[in-house]
2 protein chains.
Amino acid sequence: MARSEEGFRGPQVCKVVGITYRQLDYWARTDLLRPSLADAHGSGSQRLYSYSDIVELKVIKQLLDAGVNLGQARRAIACLRESGGDLATANLVLGTQGTVLARSGEEIVDLLRGGQGVFNIVPLAAVVDEVDAAILVLDRPGTAAAGPEPLPEARGRRAGS
Amino acid sequence: MARSEEGFRGPQVCKVVGITYRQLDYWARTDLLRPSLADAHGSGSQRLYSYSDIVELKVIKQLLDAGVNLGQARRAIACLRESGGDLATANLVLGTQGTVLARSGEEIVDLLRGGQGVFNIVPLAAVVDEVDAAILVLDRPGTAAAGPEPLPEARGRRAGS
DNA sequence: GCGCGTAACTACGCTGCTGTCATGAGGTTA
DNA sequence: TAACCTCATGACAGCAGCGTAGTTACGCGC
């Protein structure tokens, strides 16, 4: 159960993200999100997930909580990967026509005005914050998760690209 | 197949909304949306849907197209019914915390700022327009559906409450 | 090299949602 | 009343997305 120095293993990821191991396994098998550090190779091996993997998993989890199915979540993380800007300041906007990253609130209002169809909006800053807080309580199980802002140690682990 | 003077029957509703009869039937059986004019009473009867029923059905259809499951759509139309304001100018906002009707774009930006979690936003004006256009081509099958704005005849059929 | 814990793998089943097909009951017309 | 058309209804199938339980095998400590 000890933390590996480079990456997170399956059961740890489940606790941080807030999903079951069955979901993580299903998503890895169906190519929704494979671990980018080390994939499984047989029945006793270990999957190793990176920090950005966990952020993407948390986005999926948030979408599921909002009632969005996995098919739409699949398109969401596909857009999240190809447009690799600064995640913490953007909003992920899933429309019927396509999927975009919106940098400001005005951009979202513009999309609504010209827009037909439904939009699913994910504020990525909140996602990153929640992931950092969850990783902190994984490191120190005694610490409460209600800290106003996470320590820079955890935030520094964020992937640049 | 002729239009009943007061209300729309099942197969007509399917064409207007763009769903299958199986879906309409399933939604009526599971209490997602029963026809408000006449429910089914046995195997040879007919369901009669009102205009506002069709608008709500179109909202559900849009949500499904956006990847939202029926459970969330259930909460959506529940909110749509209890807050019975002017539909055509509002946006239906489904959050993880709850469901609201937002009147302006700034209201949505405020929700995004203070908000954690994902939002599903339905612009109701576009929904009403699409329903009106679909009803028009139901009346005159030769008319194309690409008209810039629907005729006032169909818009007048909208329910006040 | 040898146990042992952990984690991946497999199989089975369940629920929600939908398609397909056959059946049955009203309503309508002759 | 008999034929006929229209919908609602029922039974079955099928897929997505998991839960549960048992099995298997890597990797670490010794």
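See the structure above.
Here is what the cut-offs are and how they apply
- By convention here, each chain's residues receive numbers from 1 onward along its written sequence.
- Labels are handed out in written order, letters beginning with A for the chains and numbers beginning with 1 for the ligands.
- Totals for whole chains, interfaces and linings use all residues, but because this is a predicted model, local features are given only for residues with pLDDT of at least 70 and pairs of side-chain atoms are given and counted only at 80 or more.
- Heavy atoms throughout the structure, all of them, feed into the side-chain values; hydrogens and water do not.
- Here, two residues are considered to be in contact whenever any of their heavy atoms come within 4.5 Å of each other.
- Each of two parts loses accessible area, computed with a 1.4 Å probe, when they are put together; buried area is these two losses added.
- The working definition used for a salt bridge is a side-chain nitrogen of Lys or Arg within 4 Å of a carboxyl oxygen of Asp or Glu.
- Polar contacts, as used here, are pairs of N or O atoms within 3.5 Å; protein pairs need one atom able to donate a hydrogen and one able to accept it. Residues neighboring in sequence count only if both atoms are side-chain atoms.
- Labels follow the DSSP assignment, with helices taken as runs of H or I lasting at least four residues and strands as runs of E lasting at least two, numbered in each case from the N terminus.
- Charged residues are taken to be Asp, Glu, Lys and Arg, nonpolar residues to be Ala, Val, Leu, Ile, Met, Phe, Trp, Tyr, Cys and Pro, and polar residues to be all remaining types, Gly included.
- Residues with no salt bridge and a relative accessible area higher than 30% make up the patches, which join like charges within 9 Å and nonpolar side chains (Val, Leu, Ile, Met, Phe, Trp, Tyr) within 5 Å.
- For the accessible areas, the method is Shrake-Rupley and the probe is 1.4 Å, while residue cover comes only from the protein chains on display.
- We treat Lys and Arg as the positive residues and Asp and Glu as the negative residues; His and chain ends play no part in the count.
- The atoms used to mark charge sites are NZ of Lys, CZ of Arg, CG of Asp and CD of Glu.
- Each residue is placed in one exposure class: buried if its accessible area under a 1.4 Å probe, protein chains only, is under 20% of its type's maximum, exposed if it is over 50%, and partly exposed if it falls in between.
- Being near a molecule or strand, for a residue, means having at least one of its heavy atoms within 4 Å of it.

1. Thoughts on the interface of chain B and chain A
At step 1: Chain B puts 23 residues into the contact, and the matching count from chain A is 24 residues.
At step 2: Of the roughly 1,900 Å² buried where chain B meets chain A, counting both sides, 63% is carbon and sulfur surface.
At step 3: Our count for the chain B to chain A interface comes out at 0 salt bridges.
At step 4: Applying the counting criterion to the chain B and chain A interface returns 6 residue pairs in polar contact (both at pLDDT 80 or more).
At step 5: Among the elements of the structure, helix H3 (51–65), helix H5 (105–114) and strand S5 (119–123) of chain B are those that each provide at least two residues to the side of chain B that touches chain A.
At step 6: By residue number, the principal contributor to the side of chain B that touches chain A is S5 of chain B, which donates 5 residues.
At step 7: Looking at side-chain class alone, the side of chain B that touches chain A contains 11 nonpolar, 11 polar and 1 charged residues.

2. Some points on a negative patch on the surface
At step 1: A cluster of acidic residues, Glu 106, Glu 107 and Asp 110 of chain A together with Glu 106, Glu 107 and Asp 110 of chain B, forms a negative patch on the protein surface.
At step 2: Listing elements by their share of the negative patch, those giving two or more residues are helix H5 (105–114) of chain A together with H5 of chain B.
At step 3: On the secondary structure map, Asp 110 of chain A appears in helix H5.
At step 4: For Asp 110 of chain A, a relative accessible area of 52% translates into the label exposed.

3. Describing the protein's contact with DNA strand C
At step 1: Close to DNA strand C lie 20 residues, the nearest being Tyr 21, Gly 42 and Ser 45 of chain A together with Thr 20 and Ser 43 of chain B.
At step 2: Each atom of DNA strand C within 4 Å of the protein was classed as base or backbone; sugar and phosphate made up 67%.
At step 3: At a separation of 3.2 Å, a phosphate oxygen of DNA strand C approaches a polar side-chain atom of Arg 47 of chain A.
At step 4: Separating a phosphate oxygen of DNA strand C from a side-chain N or O atom of Trp 27 of chain B is a distance of 3.2 Å.
At step 5: Taken together, the elements giving at least two residues each to the surface near DNA strand C come down to helix H2 (21–29) of chain A together with helix H2 (21–29) and helix H4 (70–82) of chain B.
At step 6: Looking at which element gives the most residues to the surface near DNA strand C, the answer is H2 of chain B, with 4 residues.
At step 7: When its residues are assigned to classes, the surface near DNA strand C shows 7 nonpolar, 9 polar and 4 charged.

4. A few points about the side chain of Asn 91 of chain A
At step 1: Among the secondary structure elements, Asn 91 of chain A is positioned in strand S3 (residues 91–95).
At step 2: Residue contacts for Asn 91 of chain A: discarding those within four places in its chain leaves Val 100, Leu 101, Ala 102, Ile 108, Ile 121, Val 122, Pro 123 and Leu 124 of chain A together with Leu 112 of chain B.

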